[in-house]
Structure formats: structure tokens, C-alpha cells
Amino acid sequence: DTVFYEELSKKRTEIRKIFSDYFSTKTKKEILERSEEKITKELISLINERLSLGKISSIYFTNYIFLE
């Protein structure tokens, strides 16, 4: 769906902020205690709340980098 991809493109900065805000409010311990599935579901929900032309069903990330 071209229109939905355009919305995603326009909201790229907002979506990145969702990731940043999500991870910055959690400690390393909290992140490691959550399953990847739970984190993914929470992020998908947060992103889909801000989308109006469609919904995403999955996201992928390969690793976490912790800065201390």
C-alpha cells in the first residue's frame, strides 16, 4: 500500500522517538528481564497508536546496545 508507506516515511522521526523514549525509560535490568516478544508487542502498540492509514504487524531488531 503506497499511501501507508508514505505515512510511515513521513512519521519516521516520530517512530524513532518512540523507540528512543521506550528504551530510555527502562533500566538495563528491566530490558533484560522482558522477553523480546513482549518488547516487540509494546513497541508495535505504541507505533500503531500513531498511525492512521494502516497498522504494522511486526518489527525486527538484532541486538541491544547498552551505553553506560
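For the structure itself, consult the block above.
Note that this is a predicted model, so its numbers are computed, not measured.

Caption draft 1: Broad picture of the overall build of the protein chain. Along its length, the protein chain carries four helices and zero strands. Traced from its N-terminal end to its C-terminal end, the protein chain shows the element sequence α-α-α-α. In terms of principal-axis extent, the alpha carbons of the protein chain reach across some 40 × 20 × 20 Å. Residue pairs at least 24 apart in sequence account for 61% of intrachain contacts in the protein chain once pairs closer than 6 positions are excluded. Carbon and sulfur atoms make up 53% of the accessible area of the protein chain, which amounts to about 5400 Å² in all. For the protein chain, the separation between the mean place of its 13 positive charges and that of its 12 negative charges on side chains is 2 Å.

Caption draft 2: Region of the structure containing the packing of aromatic side chains. Summed over all chains, the structure comprises two aromatic pairs. Ring plane angle 45° and centroid distance 6.4 Å describe the contact between Phe4 and Tyr5, whose orientation is recorded as tilted. For Phe4, a relative accessible area of 11% corresponds to the buried category. Exposure remark for Tyr5: the relative accessible area of 56% places this residue in the exposed category. Ring plane angle 85° and centroid distance 5.1 Å describe the contact between Tyr22 and Phe23, whose orientation is recorded as edge-to-face. When the ring centre of Tyr22 is taken as reference, the NZ or CZ atom of Lys26 above it lies at 4.4 Å.

Definitions and limits used
- Residues numbered from 1 in each chain as written.
- Predicted model: local features only at pLDDT ≥ 70, side-chain atom pairs only at ≥ 80, totals over all residues.
- Heavy atoms only, no water.
- Helix = DSSP H or I, 4+ residues; strand = E, 2+ residues; numbered from the N terminus.
- Contact = heavy atoms within 4.5 Å.
- Areas by Shrake-Rupley, 256 points an atom, 1.4 Å probe, with all protein chains shown as cover.
- Lys, Arg positive; Asp, Glu negative; His and termini not counted.
- Charge placed at Lys NZ, Arg CZ, Asp CG, Glu CD.
- Phe/Tyr/Trp six-rings, centres within 6.5 Å; stacked < 30°, edge-to-face > 60°.
- Buried < 20%, exposed > 50% of the residue type's maximum accessible area, 1.4 Å probe, protein only.
- Lys NZ or Arg CZ within 6 Å of the ring centre and 35° of its normal.

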